[in-house]
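# Summary of structural features
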Amino acid sequence: MKKRLLAICLALCLIVGLLPTAVLAAPEGGGTGLTADDPMVVPEEALTISGTVLKGISQEWLNTNKPQDGSTLYLKLEVSDSITELGDGYGGFCPQTGYNLQVDFSTANNLKKINNQAFMSATALNGVLDLSHTKITTIGKSAFSGCTGLTGVILPQTLEVLGTSNGSSGSV
């Protein structure tokens, strides 16, 4: 009986050992990224952060995770409560074609400012941005200009400046 049980255990170990590691490993950053309902969460090490300013997603990380077959990779950027500002000029959140980007602000309780051109021309940015859980007082000039995939923005009650302080911005 012991020999049979040992043989079964060894056989199971052998079978598990033959499986490709990709089958057993969880996808990096959570979801698979194959559909909008199962986006890959952009890991913290893929973000460019200076102090409390989230400047963007690392181009190196995007290149490493770029779909090779021409399909779309669905990404989810979760803005943490340690971030107080987003963006540092044009380009930080502009993944090239082949990406679909959702931004989750549900835990961004200390976010106060979205800088000028933070998401400018980020055509991969899609859906509705819900900023209602943030403490944003300022959304800079052209912050979302050219974001053709956005379908809406829910603004927080704390918002004081939209565009420029004198209200002369032609686009946000």
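Figured I'd write up the structure that's included with this text. (Residues numbered from 1 in each chain as written. Predicted model: local features only at pLDDT ≥ 70, side-chain atom pairs only at ≥ 80, totals over all residues. Heavy atoms only, no water.)

### Describing the overall build of the chain
Each helix and strand counted, the chain has three helices and eleven strands in total. Reading the chain from its N terminus to its C terminus gives the helix and strand order α-α-β-β-β-α-β-β-β-β-β-β-β-β. Counting all 172 residues of the chain, 34% fall into the buried class. Looking at the chain alone, contacts between residues at least 24 apart form 68% of all its contacts between residues at least 6 apart. For the chain, the exposed area adds up to about 9900 Å²; of that, 55% sits on carbon and sulfur atoms. (Helix = DSSP H or I, 4+ residues; strand = E, 2+ residues; numbered from the N terminus. Buried < 20%, exposed > 50% of the residue type's maximum accessible area, 1.4 Å probe, protein only. Contact = heavy atoms within 4.5 Å. Areas by Shrake-Rupley, 256 points an atom, 1.4 Å probe, with all protein chains shown as cover.)

### Observations concerning the nonpolar core
Within the largest apolar cluster, 36 residues are counted, with the highest numbers of intra-cluster contacts made by Leu86, Phe119, Leu125 and Phe144. Listed by contribution, the elements that provide at least two residues to this core are strand S3 (53-57), helix H3 (59-64), strand S4 (73-78) and strand S6 (99-104). Beyond its immediate sequence surroundings of up to four residues, Phe119 is in contact with Leu86, Phe93, Val103, Ile114, Leu125, Ala143, Phe144, Ser145 and Cys147. (Core = buried A, V, L, I, M, F, W, Y, C linked by side-chain atoms within 4.5 Å.)

### Regarding the sheet that holds strand S9 (residues 138-140)
The strand order across the open sheet built from six strands is S2-S3-S5-S7-S9-S11, with neighbouring strands paired in mixed fashion. Lying at the two open borders of the sheet, with one neighbouring strand each, are strand S2 (47-50) and strand S11 (161-163). Looking at chain direction, strand S5 (residues 85-86) and strand S7 (residues 113-114) are connected through two bridges and run parallel. Among the inter-strand pairings, Leu86 is bridged to a residue of S7, identified as Ile114. (Pairing = 2+ DSSP bridges.)

### Things to note about unusual backbone geometry
The phi torsion at Gln117 lies on the positive side, around 55°, for a residue other than glycine. Along the chain, Gln117 falls in the loop between S7 and strand S8 (127-130). Even without glycine at this site, Ser142 takes up a positive phi of about 60°. With respect to the secondary-structure elements, Ser142 resides in the loop between S9 and strand S10 (150-154).

### Section: the sheet that holds S6
With respect to topology, three strands assemble into an open sheet ordered S1-S4-S6, the strand pairing being parallel. What marks the edges here is a single partner per strand, and that holds for strand S1 (40-41) and S6. Note: S1 against S4, two bridges, orientation parallel. In the strand pairing of S4, Val41 is matched with Lys76.

### Looking at a nonpolar patch on the surface
On the surface, a cluster of nonpolar side chains totalling about 230 Å² of accessible area is made up of Val153, Leu155 and Leu162. Position of Leu162 among the secondary structure elements: in strand S11. (Patch = residues over 30% accessible without salt bridge, like charges linked within 9 Å, V, L, I, M, F, W, Y side chains within 5 Å. Salt bridge = Lys/Arg side-chain N within 4 Å of Asp/Glu carboxyl O.)

### A look at the packing of aromatic side chains
Counting across every chain of the model gives one aromatic pair. Where Phe119 meets Phe144, the ring centres are 5.3 Å apart and the plane angle is 15°; that geometry is what we call stacked. A residue pair is termed long-range when its members are at least 10 positions apart, and Phe119 in the loop between S7 and S8 and Phe144 in the loop between S9 and S10 qualify at 25 residues. An identical accessibility class is assigned to Phe119 and Phe144; each is buried. (Phe/Tyr/Trp six-rings, centres within 6.5 Å; stacked < 30°, edge-to-face > 60°.)

### Details of the pairing of S6
Burial of S6 is extensive: five of the six residues sit out of reach of the surface. Two strands pair when backbone bridges link them, and S4 and S6 are joined in this way by six bridges, in the parallel orientation. Following the sheet pairing, Leu77 is matched in S6 by Val103.

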